[in-house]
Amino acid sequence: MANYSFWALGETHVSVSGGVSLDGITQGDGSHLVGETITLNSNAWEQIFVRDRNSDTNFDDNDGNQRLDGTQTFDGTTYSNRTRIEAEYEFVLLDPNTGLTYRVLSVNFNNSSPTYGTVEGLAFVDEFPPVGVALTVISAQEGPSGGASVDQSDIAAPPCFTPGTMIRVQGGQKPVEDIQVGDKVKTLDHGFQTVRWVGQVTLRGVQLIANPEFRPVQIQKNAFGAGRPCRALTVSPQHRVLLDGWRAELFCGEPQVLAAAVHLVNDSSVRVVRPDGPVTYIHLQFDQHEIVDSEGLFTESLFAGPGALQGLPDESRAELMALFPGIARGDIGAMARPVARRQEVQAIQLIG
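First things first, this report covers the structure right here in the doc. (Residues numbered from 1 in each chain as written. Predicted model: local features only at pLDDT ≥ 70, side-chain atom pairs only at ≥ 80, totals over all residues. Heavy atoms only, no water.)

Here's the deal with the sheet that holds strand S1 (residues 2-10)
Taken together, 9 strands build an open sheet; the order of strands is S2-S3-S11-S8-S9-S10-S1-S4-S5 and the sheet is antiparallel. The sheet is open, and its two edges are formed by strand S2 (14-16) and strand S5 (66-68), each paired on a single side. Taken over all neighbouring pairs, the strand axes of this sheet differ in orientation by 45° on average, direction set aside. Strand direction decides the pairing type here: S2 and strand S3 (residues 37-40), joined by 3 bridges, are antiparallel. Residue Val16 lies in a different strand from S3, and its bridge partner there is Ile38. (Pairing = 2+ DSSP bridges. Helix = DSSP H or I, 4+ residues; strand = E, 2+ residues; numbered from the N terminus. Axes fitted to C-alpha atoms, helices over the stretch in contact; angles between N-to-C directions.)

As structure tokens, this is what we get:
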């Protein structure tokens with residue numbers, strides 16, 4: 001038995017051009033969406049908890065072992081415990097403004113009629129697209145399965161540091177838990193930048209047992225070269241690390257990319273930690289997305305996308321949105337570097 005969770009956006013927060021619905025017309029291969037545009041209208045992402053009797057953590061199509069772990073409400077509708085859930089079809093969206101593409105999984109709760117064709121929400125692989133932009137559907141196919149399966153760790157979720165991480169600040173280094181609003185932190189691109197907001201969330205041991213995908217990832221000393229990091233660094237699974245060099249150029253077409261820590265796991269120099277007690281994740285927010293020196297390794301600051309916002313307590317989310325009003329409108333700026341996909345990260349590591 002495997003337990004996991006992922007984030008998704010309800011269909012009521014999505015607009016499709018041409019009067020088309022997300023629901024499948026035939027047996028749900030998504031082909032009716034190709035050529036249409038899809039616009040995300042809000043950041044109302046919700047977490048879905050799943051129990052898989054096959055003991056795998058893939059979110060697939062046609063998998064009768066994927067069931068809701070407890071009664072849950074999604075997009076205003078309440079679904080009973082053990083309701084079957086699957087990725088009915090998948091498709092690719094193109095952002096006409098940036099040229100970036102996004103892989104999307106359609107979420108189907110199987111208590112509707114017809115069970116195979118309805119889509120109640122969307123989940124995104126690797127990263128979230130911007131809100132309020134008409135994104136073009138450039139391809140679609142049956143939901144993932146077999147060799148094309150999507151592990152829950154590949155579905156976008158929020159990034160953050162853990163206490164004890166030393167961050168380079170003006171005058172030296174400082175544990176991340178001691179950094180305060182107004183402190184100057186050294187960034188890779190813009191020199192010393194002022195911290196505008198600090199937030200945190202603590203997960204209890206029982207939560208980490210029930211949801212292993214939230215367990216932190218530890219990067220061992222010198223995992224990426226001498227002093228990178230200079231001592232073990234522990235971050236959240238989706239916290240992104242800067243990769244550079246000819247391998248990044250070869251597989252990603254970029255001299256530098258960001259890779260989620262969980263995609264770097266190799267069970268030796270980078271591994272998932274099974275903590276005995278609670279884990280606290282700490283967020284640092286600047287005027288823009290930044291890359292900072294953490295234990296000698298370049299990693300990202302908080303990128304206030306929808307997944308990161310939903311991962312915060314209500315009071316922290318309200319405070320952050322009050323400080324940065326544009327976030328509520330989906331105006332979150334650009335990421336400091338392109339994000340590498342899981343397969344690209346694995347290819348880079350394979351010849352590393």
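Some thoughts on a nonpolar patch on the surface
Among the surface-exposed residues, Trp246, Leu250 and Phe251 lie close enough to one another that they form a single nonpolar patch of about 330 Å² accessible area. Counting through the fold element by element, Leu250 comes out in helix H2 (residues 246-252). Among the residues examined, Leu250 registers a relative accessible area of 53% and is labelled exposed. (Patch = residues over 30% accessible without salt bridge, like charges linked within 9 Å, V, L, I, M, F, W, Y side chains within 5 Å. Areas by Shrake-Rupley, 256 points an atom, 1.4 Å probe, with all protein chains shown as cover. Salt bridge = Lys/Arg side-chain N within 4 Å of Asp/Glu carboxyl O. Buried < 20%, exposed > 50% of the residue type's maximum accessible area, 1.4 Å probe, protein only.)

Section: the nonpolar core
Phe161, Ile179, Val185 and Leu264 are the most contacted members of the largest nonpolar core, which has 28 residues in total. Sorting the residues of this core by element identifies strand S12 (166-169), strand S17 (217-219), strand S18 (233-235), strand S19 (240-244), H2, strand S20 (256-260), strand S22 (279-285) and helix H5 (342-350) as the ones contributing at least two each. Ile179 has contacts with Ile167, Val169, Lys174, Val185, Val195, Val198 and Leu284, leaving out every residue within four places of it along the chain. Counting residues in hydrophobic clusters, the runner-up holds 22 residues, among them Trp7, Val16, Phe124 and Val137. (Core = buried A, V, L, I, M, F, W, Y, C linked by side-chain atoms within 4.5 Å. Contact = heavy atoms within 4.5 Å.)

A look at unusual backbone geometry
Cis geometry is adopted by the peptide bond preceding Pro229, which originates at Arg228 and carries an omega value of -5°. Mapped onto the secondary structure, Pro229 falls in the loop between S17 and S18. With phi around 65°, Asp267 is a residue other than glycine that occupies positive phi space. Its place among the elements puts Asp267 in the loop between S20 and strand S21 (270-272).

Overview of the packing of aromatic side chains
The relation between two aromatic rings is expressed through the spacing of the ring centres and the mutual angle of the planes. Here the structure, examined in full by the defined rule, presents 4 aromatic pairs. For the pair Tyr89 and Phe91, a centre-to-centre distance of 6.0 Å together with 40° between the ring planes defines the contact as tilted. Among the residues examined, Tyr89 registers a relative accessible area of 0% and is labelled buried. Ring-pair connections join several aromatic residues into one group, and the members of that group are Phe74, Tyr79 and Phe109. Stacked on the ring of Phe192, the Lys or Arg Lys186 has its end atom at 5.6 Å from the ring centre. (Phe/Tyr/Trp six-rings, centres within 6.5 Å; stacked < 30°, edge-to-face > 60°. Lys NZ or Arg CZ within 6 Å of the ring centre and 35° of its normal.)

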